[in-house]
Amino acid sequence: MTHDAAGISGLRGLTRLRTLGRGTSGAVVSLFAADGGEDEQSLLAVKSAGAASAQAQLRREGDILASLCSPYVLPCLGSRAAAGGEQYQLFLEFAPGGSLADEVERNGGSLEEGAVRAYAADIARGLAYLHGESTVHGDIKGRNVVIGADGRAKLADFGCARSVGSAGAIGGTPAFMAPEVARGEEQGPAADVWALGCTVIEMATGRAPWSGVGDVVAAVHLIGYTDAVPESPTRLSAEAEDFLEKCLRRRAGERWTAAQLLEHPFLAFGGCGCDVEAKWVSPKSTLDAAMWESEDEDDATWESDEDCVAERMNALAASYSDLPDWESDDDGWMNVLSSRKPKPPATSCCWSSSAL
Ligand SMILES: Nc1ncnc2c1ncn2[C@@H]1O[C@H](COP(=O)(O)OP(=O)(O)OP(=O)(O)O)[C@@H](O)[C@H]1O
């Protein structure tokens, strides 16, 4: 379904400025200057996919986003098929702060506890809203949370989202998977809460949980089939430790809900993301866009450089003997979407991927 929530059809022209990000889904997110006529210009993030499977996933993501409205969810302004059906595009509000993972990187590899609290509170607000709408995000992690012009963290990348209780695909990023997801049993709101706990660890340490485990299959086994929980960062307060304990309970039914977590002292007195001192200068218009000009020649062509998800998975399976580089920030862990229960991790290759 094509939607046009904020009148993207009224735009007179779009100028591509640079690539903002590439995900494992095969989609590319680019920054565009949009000409609305009468000297009105604004910046948009356009998520675009070429391969059929990536297009289908993007359409699904657009449909889910079209039904949501919260200051803590990245708004989708519209969607369309482009280039004679060769491309599908989602028009998203531009988040000038980039992803939370970018913010951690800009900050030297970890965030102070005050910032962790503030962003965690925003994520919990987004999750409380989402779960109230009977929707599960399914892939909460630093790379899938963006920082808006207002300084708030907003949930993004709804490629793994699903209705609560739906029998559809179970997926996500292995390091952030709750035990019940790693076992392929269920993916409900409690799985998002587990992933929120993992994201707090990521913000505090700059690393995804389980990064000390050298093998992704061993990690998935640890998550799904042992009593292990991710290690708490040592330098966090007792309140933070207690918060993590509430998020990272192995039994889904024993975890706190997102709404309950908002009452936890770790979040309740954490303010909101707006209070976090903005280190980022937000380019509000194309007048500021020179700072976005790409130096990368690859960025100049935006139609041809998308990989097919299936090809990527095949490549991963083929190079399965290579251990993932868990330290690298360059490669994302492959999102896994599977409607079937996974085989035991020791024989499954679809869990394989690289860091974060
Ligand atoms: N609206 C936005 N404003 C600014 N940057 C964005 C925006 N949307 C996405 N990005 C950047 O692009 C990256 C990839 O976006 P997104 O997560 O939606 O793609 P994806 O292909 O679904 O990724 P993956 O499946 O690997 O999680 C993000 O991590 C972020 O850095």
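Residue positions are counted from 1 within each chain, in the order its sequence is given. Owing to the predicted nature of the model, reporting of local features is limited to residues with pLDDT of at least 70; listing and counting of side-chain atom pairs is limited to 80 or more, with chain, interface and lining totals taken over all residues.

For the purposes of this entry, the term helix denotes a DSSP run of H or I that reaches at least four residues, the term strand denotes a run of E that reaches at least two, and both are numbered from the N terminus. If you tally the helices and strands in the protein chain, you get ten helices and eleven strands. Note on burial: count the other C-beta atoms lying within 10 Å of the residue's C-beta; 20 or more is buried, 12 or fewer is exposed, in between is partly exposed, and C-beta positions come from the backbone. Looking at the protein chain as a whole, 48% of its 356 residues are labelled buried. Residue pairs at least 24 apart in sequence account for 71% of intrachain contacts in the protein chain once pairs closer than 6 positions are excluded. Once C-beta atoms have been placed from the backbone, residue pairs whose C-beta atoms lie within 7 Å are recorded as contacts.

A few words on the nonpolar core. By convention in this section, buried Ala, Val, Leu, Ile, Met, Phe, Trp, Tyr and Cys residues joined through C-beta atoms within 7 Å make up a nonpolar core. The biggest cluster of nonpolar side chains holds 88 residues, and the ones touching the most others in it are Leu44, Ile123 and Leu196. In terms of residues, this core owes the most to one element, helix 5 (residues 189-205), which gives eleven residues. For Leu196, the residues in contact, after removing those within four places along its chain, are Ala120, Ile123, Ala124, Leu127, Ile140 and Cys247.

The subject of this paragraph is the environment of Ser53. Here Ser53 lies in helix 1 (residues 52-66). Counting along the chain gives 59 residues from Ser53 to Glu112, while the straight-line C-alpha distance between them is 40 Å.

Helix span is expected to be 1.5 Å times the residue number reduced by one. A rise of 1.5 Å per residue sets the reference length of helix 5, with its 17 residues, at 24 Å; its end C-alpha atoms lie 25 Å apart and thus fit the reference within 8%. Among the 17 residues of helix 5, 17 are classified as buried, and the element is accordingly described as predominantly covered. In the segment just after helix 5, Gly206 is the residue with positive phi, at about 80°.

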